[in-house]
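A look at the structure
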Amino acid sequence: MVQELERVKQSQQFPDSAPVANPVFFRTYSRKAAKQRESWAEVCDRTLAGLKQLGNLTDTEADLVDRMQRQLKALTSGRWLWVGGTPWIEQPENFSGGYNCTSTNVIDWRAFGLMMDLAMQGCGTGAVLEPKYINQLPAIRNRLHITVAGEIGATPAAERRQYTEVEFNLPQNQVTIYVGDSRQGWVQSYQTVLELSTDDRFTGDIQVTINISDVRASGEPLKGFGGMANPIKLPALYERCAGILNKAIGRQLTSIECCLLIDEAAVTIVAGNIRRSAGMRQGDSNDALFAGAKENLWQQDAEGNWRIDPERDSLRMANHTRVFHRKPTLEECIEAVRKQYYSGEGAIQWAGEVIARSNADILSNEKLKREFIAVYEQGEEAARVWIKNHHPDMQDREIEHRLQRYGLNPCGEICGADFHCNLSEIHLNQLNPHDFTEQEKAFTAGAISVAALLNHKFQEPRYQYSRELDPIVGVSFTGLFDFFVKAFGVEWLRWWEAGRPDTVQGLDFKQREAEYLNRWQEIVHRVVWDYCDRHGIRRPNRCTTVQPSGTKSLLTGASPGWHPPKAQRFIRRITCRKNDPVALACVDYGYNIVPSQSDKDENGNLLNDPFDPRCTEWLVEIPVSVIWADLPGADAIEISKFSALAQMDFYMQVQKFYTRHNTSATIEVRESEIESLGTRIFEAIRDDEGYISAALLARFDDLQTFPRLPFEPIDKQTYDRLQREVKERRITNDFNEALRRYDTGEHLVEAGPAGCDSDKCMLPEEKPNS
């Protein structure tokens, strides 16, 4: 009987409605052991074992989490799918590797090292770079002259230093840094270079020799974490950082110079990888340098050829958001929308709302919240006095922390200060809208899985203090749009097409949406708080959010997060390295492959032959349809015509009735909608409706189009034709078997999912109009 149950477990497949699931799962979440990749059942076994041990789960809790994950109804975080249950994550220095995202206030050189360390563990990194933080950094006083010595991989493996060693020759103003062959070694060498620029023990220019002989060569495996070493960009890191620092001698760093130092480390980490870095950089709304960070990033020569400014190229590693500590004006809101329409950057974050939400335990009703926001607009000191008057026993350090809780993770769905967050995800497209018991089980499982990680104690004091004072979890969902189509039918789609107006029918739809959202939110908070009470952990005061869900949603074919799908049917393109076993298995399974957008000939033209020697990356093209595509009448709805205001309205529904952090949103806008959307954002902030921040993106067919996008809408006729062609090319019906035939080498792809999971991060960088 036990053997039969095990056979059934191992044979479980991803749903037919998710044709992208196998390629994404084996590329992103399946680890290798003895040259054999894990099955979905084995990943569930591993991650559950880790959660049960860390969270001291009861058998009932563990059984529920297990069943909901195996049925793809409630999934643990993407990072936990990769490292959960491994010996690596049990080491305290690696705890951060189980979290999707973080945020750090940049107040010292250690903050830079911490963010590099986090990024190397797969975390998304937020950095708050406002003057009140970065002005705590010392002024740059020493000019650094960098010499890189030795060759990567020169030292035999058994003789390599694991940790970085630094030798000082103060009388000669000389320093030698021997880079250790470990994550900590890379971080220490990077942070040491930054610290040397302000070290007052030196009397003149410093001659810095960086010896890289102990660093393992490209292609050597990273034991424990997974993946392969790729130090190709490491030698240049030190020189580029010194170049940034040397320009600031005699003064403190600007916000953009801080961005560049962080992002140069990010470039080093992701070099040769197929994912974008996951970063958020927050600057003050009055910081003109920060606001213009990416302006004219692309430049055009006299012949019309485009090039990117090499001095600022690394800024593409992160998103930039401007923090407003006062409510922005109507003109500022409209201009922000216009700026994002043309450049993809310039989002507004309203700090008053996010700080109020982050203090929900002391702002326990709407009246108190509105009173606090009104005081906050008068200035931070006024808010500090208000808290002290209402809570006279609260220590000053705690008050300061409470006023700093507007840090954002890379996709903007988590808010706090010096925080870590992991996000479970409920796949609503897998649930029956009329089965409330099933929904409660799924959200309960998601709540338990995130609460379990609150047992981690971080070695870094600033992160541990934040964990103790303001524990953070995030239970997200994906496939909300699909769920509501199943719940309300094609009439709901027609209402969307009309702009979601407040008609009698529309108000009824909104009430029913709110009832679902509020019910789920209440389940999450009840379950998390019950768990914390039983385990002696401080209750998080906010537990719900919605992440972008660009990758995990593909495991079930869900429309990402709260967003509408791109179309009823589309081509989904997945990036793989050339000759990657997963891509080769896709070919045997019948899917088409083409070169990626990055592969061009000597004239800049895209390559067409994936086997061209100049080709380095492949795009696997997979025809996809949403689960309700064949609903009678659904084909008549043009999803691409959904207005920006309709998207904003739905986003605010989620923000008001489900989310207690922030809802990660990418609202697609046309040029004619800039003023109306800017006005609506202004009104939402002015009237304290709960708006914090949202990303905006120009509609592809409105501003400009790019070839071979991650999504390409197609009609039913094209979809049916592509499906037939896939079946005609298919030489095996067993994807796993096809993968095993090619999967004899080491795992060469990235080490698990990126901390950021946004569709926006998969898009090409915009170029200005000529």
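The structure displayed is predicted, hence computed values, not measured ones. Going along each chain's sequence as written, the residues are numbered from 1 onward. Side-chain atom pairs in this predicted model are given and counted only at pLDDT of 80 or more, local residue features only at pLDDT of at least 70, and totals for whole chains, interfaces and linings cover all residues. To obtain the side-chain values, all non-hydrogen atoms of the structure were included, while hydrogens and water were left out.

This part is about the overall build of the protein chain. Along its length, the protein chain carries 26 helices and 25 strands. To get the radius of gyration, use the C-alpha atoms; to get the globule rule, take the number of residues to the power 0.38 and multiply by 2.2 Å. Taken over C-alpha atoms, the radius of gyration comes to 26 Å for the protein chain, in line with the 27 Å a tight globule of 770 residues would show. Based on the C-alpha atoms only, the size of the protein chain along its principal axes is roughly 80 × 70 × 65 Å. The contact rule is simple, with two residues in contact once any of their heavy atoms fall within 4.5 Å. In the protein chain, the proportion of contacts linking residues at least 24 apart, taken out of those at least 6 apart, comes to 76%. Total accessible area computed for the protein chain in this model is approximately 29,400 Å², and 48% of it derives from carbon and sulfur atoms. Treating the 90 positive side-chain charges of the protein chain as one cloud and the 109 negative ones as another, the clouds have centres 2 Å apart. Helix and strand definitions here come from DSSP, where helices need a minimum of 4 consecutive H or I residues and strands a minimum of 2 consecutive E residues; each element is numbered from the N-terminal end. Per-residue and other accessible areas follow the Shrake-Rupley method at a 1.4 Å probe size, with only the shown protein chains counted as cover for residues. Under the convention used here, Asp and Glu are negative, Lys and Arg are positive, and both His and the chain ends fall outside the count. A charged residue contributes its charge at one atom only: NZ of Lys, CZ of Arg, CG of Asp or CD of Glu.

A few words on the sheet that holds strand 22 (residues 617-625). The strand order across the open sheet built from four strands is 21-22-20-25, with neighbouring strands paired in antiparallel fashion. Taken across any chain shown, the strands that pair with only one partner, and hence form the sheet edges, are strand 21 (592-595) and strand 25 (711-713). Averaged over all neighbouring strand pairs, the angle between strand axes comes to 30°, with direction disregarded. In this sheet, strand 25 lies alongside strand 20 (residues 569-577) in antiparallel orientation, the contact comprising three bridges. From the neighbouring strand, Phe570 faces strand 25, where its bridge partner is Pro713. Pairing between two strands requires that DSSP report at least two bridges joining them. Every axis in this analysis is a line fitted to C-alpha atoms, fitted for helices over the stretch in contact. Angles between the N-to-C directions lie between 0 and 180 degrees.

Moving on, we get to helix 20 (residues 490-497). Relative accessibility thresholds used throughout: buried, under 20% of the residue-type maximum; exposed, over 50%; partly exposed, between the two (1.4 Å probe, protein chains only). The complete set of buried residues in helix 20 reads Val490, Trp492, Leu493, Trp495 and Trp496. Where helix 20 is buried, its residues touch helix 19 (480-488), helix 21 (504-535) and helix 23 (644-657). Residue Gly499 follows helix 20 closely and has a positive phi angle near 100°.

Quick look at the environment of Ser625 now. By secondary structure assignment, the location of Ser625 is in strand 22. Among the residues examined, Ser625 registers a relative accessible area of 18% and is labelled buried. The sequence separation of Ser625 and Leu431 amounts to 194 residues, and the corresponding C-alpha distance is 18 Å. Whenever two N or O atoms come within 3.5 Å, that pair is a polar contact, provided that in protein one can donate a hydrogen and the other can accept it, and provided that, for residues adjacent in sequence, both atoms are side-chain atoms. Of the polar contacts made by the side chain of Ser625, one reaches the side chain of Tyr719; its length is 3.5 Å.

The subject of this paragraph is the packing of aromatic side chains. The criterion for an aromatic pair is that two Phe, Tyr or Trp rings (for Trp, the six-membered ring) have centres within 6.5 Å, with stacked assigned to planes under 30 degrees apart, edge-to-face to planes over 60 apart and tilted to the rest. Counting across every chain of the model gives 44 aromatic pairs. Relative to Trp496, the ring of Phe481 lies with its centre 5.4 Å away and its plane at 65°, an arrangement referred to as edge-to-face. Highlighted residues: Phe481 in helix 19 and Trp496 in helix 20, separated in sequence by 15 residues. Exposure remark for Phe481: the relative accessible area of 0% places this residue in the buried category. Owing to a relative accessible area of 0%, Trp496 belongs among the buried residues under this scheme. Taking the centre distance of 5.2 Å and the plane angle of 40° together, the rings of Trp495 and Phe509 count as tilted. Of this pair, Trp495 sits in helix 20 while Phe509 is found in helix 21, placing the two residues 14 residues apart along the sequence.

It is worth spelling out the pairing of strand 8 (residues 174-178) at this point. Of the strand pairs in this sheet, strand 7 (residues 165-169) and strand 8 are connected by five bridges, and their pairing is antiparallel. Bridged to Val166 within strand 8 is Ile177. Counting the residues between successive antiparallel strands, the hairpin from strand 7 to strand 8 contains four residues, one of them, Asn173, with a positive phi of roughly 50°. Pairing geometry for strand 8 and strand 9 (residues 206-211), over five bridges, is parallel. Bridged to Ile177 within strand 9 is Ile210. Crossover handedness for the path strand 8 to helix 8 (residues 183-196) to strand 9: right-handed. Seen with its strands pointing away from the viewer, a crossover is right-handed if its path from the first strand over the helix to the second goes clockwise.

Contact geometry for helix 6 (residues 109-120) and helix 10 (residues 255-270): axes closest at 10 Å, N-to-C directions at 25°. It follows that helix 6 is roughly parallel to helix 10 by the angle criterion. Crossing of helix 6 against helix 10: the hand is right-handed. Listed contacts from helix 10 to Trp109, Phe112, Met115, Met116, Ala119 and Met120 of helix 6 are Cys258, Leu261, Ile262, Ala265 and Ile269. Here the residues of the contact of helix 6 with helix 10 are counted per class, giving eleven nonpolar, no polar and no charged. Angles are sorted into four bins: roughly parallel if under 35 degrees, roughly antiparallel if over 145, roughly perpendicular if 65 to 115, and oblique for all others. We call a crossing left-handed when the near helix sits turned anticlockwise from the far one by less than a right angle, and right-handed when that turn is clockwise. Nonpolar residues are Ala, Val, Leu, Ile, Met, Phe, Trp, Tyr, Cys and Pro. Charged residues are Asp, Glu, Lys and Arg, and all others, Gly as well, are polar.

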